[in-house]
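Coordinate inspection notes
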Amino acid sequence: MSLTARTTTARTQERPRRRFRPGTQERPRRRLRPGIQERPRRRFHLATPLTYLSLIVASLVVLLPLAVVFLTSLKSYDEISDGQGALALPDDWLNFSNYVTAFDDGHMLTAFGNTAFILVFSITGTVIIGSMTAYAIDRFDFRLKKLVMALFLIATLVPAVTTQVATFQVVNSFGLFNTRWAPILLYMGTDIVSIYIFLQFIRGIPKSLDEAARLDGANSFTIYRKIIFPLLKPAIATVVIIKGITTYNDFYIPFLYMPSEDLGTMSTALFRFKGPFGAHWENISAGAVLVIIPTLVIFLFLQRYIYNGFSQGATK
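Keep in mind that what you see is a predicted model, and the values were worked out from it rather than measured. (Residues numbered from 1 in each chain as written. Predicted model: local features only at pLDDT ≥ 70, side-chain atom pairs only at ≥ 80, totals over all residues. Heavy atoms only, no water.)

On a plain count of helices and strands, the protein chain comes out with 15 helices and 0 strands. Burial statistics for the protein chain: of 316 residues in total, 30% are counted as buried. Within the protein chain, contacts between residues separated by at least 24 positions form 71% of all contacts whose residues are at least 6 apart in sequence. (Helix = DSSP H or I, 4+ residues; strand = E, 2+ residues; numbered from the N terminus. Buried < 20%, exposed > 50% of the residue type's maximum accessible area, 1.4 Å probe, protein only. Contact = heavy atoms within 4.5 Å.)

Have a look at this one:
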């Protein structure tokens, strides 16, 4: 027997025989053209529709109250008194009289000025104090360093309402009650989240930059001012946006420490607006829209800085 015949016989013997069940036929294979691969069958995954369903439900939960407030702000008192549904469309889409009433009688311009004053000083102080604290914790070794970090963590877990009695007595003893400096100091000194945000970014800055600056004769403050602080721009943008929105929407501290009507912020002005117009929901809704618009616009334009800041800080 030749070598070719022996090889062919060996290959046929090595191939496993196909076993078929009785009464079944072999399914003919589809012949494909050369160079064309068979496409894999797509399997139906239940996770995809559930994901879209959850997103739709979450969007409705967020957008539905906003739509109700906006539609109510464009309605007249007679339309609301008729007992129409909350999602009923207004008769006149250009009815801005409620906004004029809310802006004039609600003293929104004064409230916006007070809010802007508090925002500028509280955000500036938070950025400086938070970045300096994070720089000292990360770059310096001192006694009880772990205890300080543990106290920061405990401070985030303690509800702020439980310490308001002692805080109010301290603020009142300094003569800051019913002034705009009371909420400013509280906003600057109670923001532990900003310290953790700056700390995550500073840990990603190599210490070799500090060592090179020290060889050139720079002290610790110069290193912080000329090297560390300029590299914290993503963290600063994140802290400014989050702190600004939180301060703008805060109601408890301005209402407790600034009871005077002339010192009202946007949130407290909206609350006081409820008094003379307790039954006029169209005016209250217009005031709510005026309060919502600034934060909504700022968040829509600057949301990528928030997400990028958190993601970069998490991967440092």
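On to the side chain of Lys-243, then. Secondary-structure assignment places Lys-243 in helix α12 (residues 233-249). Exposure remark for Lys-243: the relative accessible area of 9% places this residue in the buried category. If we ignore the near neighbours within four places in the chain, the residues touching Lys-243 are Ile-123, Thr-126, Tyr-187 and Asp-191.

Time to look at the environment of Pro-183. Relative to the assigned elements, Pro-183 resides in helix α8 (residues 181-189). Residues Pro-183 and Thr-247, 64 residues apart in the sequence, show an inter-C-alpha distance of 9.3 Å. Non-local contacts of Pro-183, meaning those with residues more than four positions away in its chain, are made with Ile-118, Ile-253 and Met-258.

For Leu-144, which is not a glycine, the phi torsion comes out positive at approximately 60°. Inspection of the secondary structure assignment puts Leu-144 in the loop between α5 (108-139) and α6 (145-157). The backbone of Asn-178 shows a phi angle near 65°, a positive value even though the residue is not glycine. The residue Asn-178 is located in the loop between α7 (164-173) and α8 in this model. The class of Asn-178 is partly exposed, set by a relative accessible area of 29%.

What follows concerns the packing of α5 against helix α9 (residues 192-202). In a packed pair of helices, the relevant descriptors are the angle between the two axes and the axis-to-axis distance. At a minimum axis separation of 8 Å, α5 and α9 run at an interaxial angle of 50°. Classified by the interaxial angle, the pair formed by α5 and α9 is oblique. In the packing of α5 onto α9, the handedness of the crossing is right-handed. Along its contact with α5, which presents Thr-126, Val-127, Gly-130, Ser-131, Thr-133, Ala-134, Tyr-135, Ile-137, Asp-138 and Arg-139, the element α9 presents Ser-194, Ile-195, Phe-198, Leu-199 and Ile-202. Of the residues that constitute the contact of α5 with α9, the class distribution is 8 nonpolar, 5 polar and 2 charged. (Axes fitted to C-alpha atoms, helices over the stretch in contact; angles between N-to-C directions. Parallel < 35°, antiparallel > 145°, perpendicular 65-115°, else oblique. Left-handed = near helix turned anticlockwise from the far one by under 90°. Nonpolar A, V, L, I, M, F, W, Y, C, P; charged D, E, K, R; others polar.)

Once that is clear, we can look at the packing of α5 against α6. Where α5 meets α6, the closest approach of the two axes is 10 Å, and the angle between their N-to-C directions is 140°. The orientation of α5 relative to α6 falls into the category oblique. By crossing handedness, the relation of α5 to α6 is classed as left-handed. For the pair α5 and α6, contact is made by Thr-133, Ile-137 and Asp-138 and by Lys-145, Met-149 and Phe-152, respectively. Looking at side-chain class alone, the contact of α5 with α6 contains 3 nonpolar, 1 polar and 2 charged residues.

By size, the foremost hydrophobic cluster in this structure holds 31 residues, and its most contacted members are Phe-198, Ile-228 and Leu-232. Residues contacting Phe-198, with those up to four places away along its chain left out, are Thr-126, Val-127, Gly-130, Ser-131, Ala-134, Leu-232, Ala-235, Ile-236 and Val-239. (Core = buried A, V, L, I, M, F, W, Y, C linked by side-chain atoms within 4.5 Å.)

Next up on the list: the packing of aromatic side chains. What the rule picks out here adds up to 13 aromatic pairs. Between Phe-221 and Tyr-224, the ring centres sit 6.4 Å apart and the planes meet at 40°, which makes this aromatic pair tilted. Here Phe-221 and its partner Tyr-224 are both found in helix α11 (residues 220-228), 3 residues apart, which amounts to about one turn of the helix. With relative accessibility at 48%, the residue Phe-221 sits in the partly exposed group. Geometrically, the ring pair formed by Phe-251 and Phe-255 is stacked, given 5.0 Å between the ring centres and 20° between the ring planes. For Phe-255, a relative accessible area of 37% corresponds to the partly exposed category. (Phe/Tyr/Trp six-rings, centres within 6.5 Å; stacked < 30°, edge-to-face > 60°.)

Here the focus is α7. Of all the residues in α7, the buried ones are Gln-164, Thr-167 and Val-171. An end-on view of α7 places all buried positions within 60° of arc, on one side of the element. Opposite the buried face of α7, at more than 90 degrees from it, the exposed residues are Val-165, Gln-169 and Ser-173. Packed against the buried residues of α7 are α8 and α13 (252-257). (Arc of directions from axis to C-beta.)

Okay, the side chain of Ser-267 next. Along the chain, the position of Ser-267 falls in helix α14 (residues 266-272). On the accessibility criterion, Ser-267 (14% relative accessible area) is buried. A distance of 2.7 Å separates a polar side-chain atom of Ser-267 from the backbone oxygen of Asp-250. Ignoring any residue separated from it by four or fewer positions in sequence, one finds Ser-267 in contact with Tyr-248, Asn-249, Asp-250 and Phe-251. (Polar contact = N/O pair within 3.5 Å; in protein donor to acceptor, adjacent residues only side chain to side chain.)

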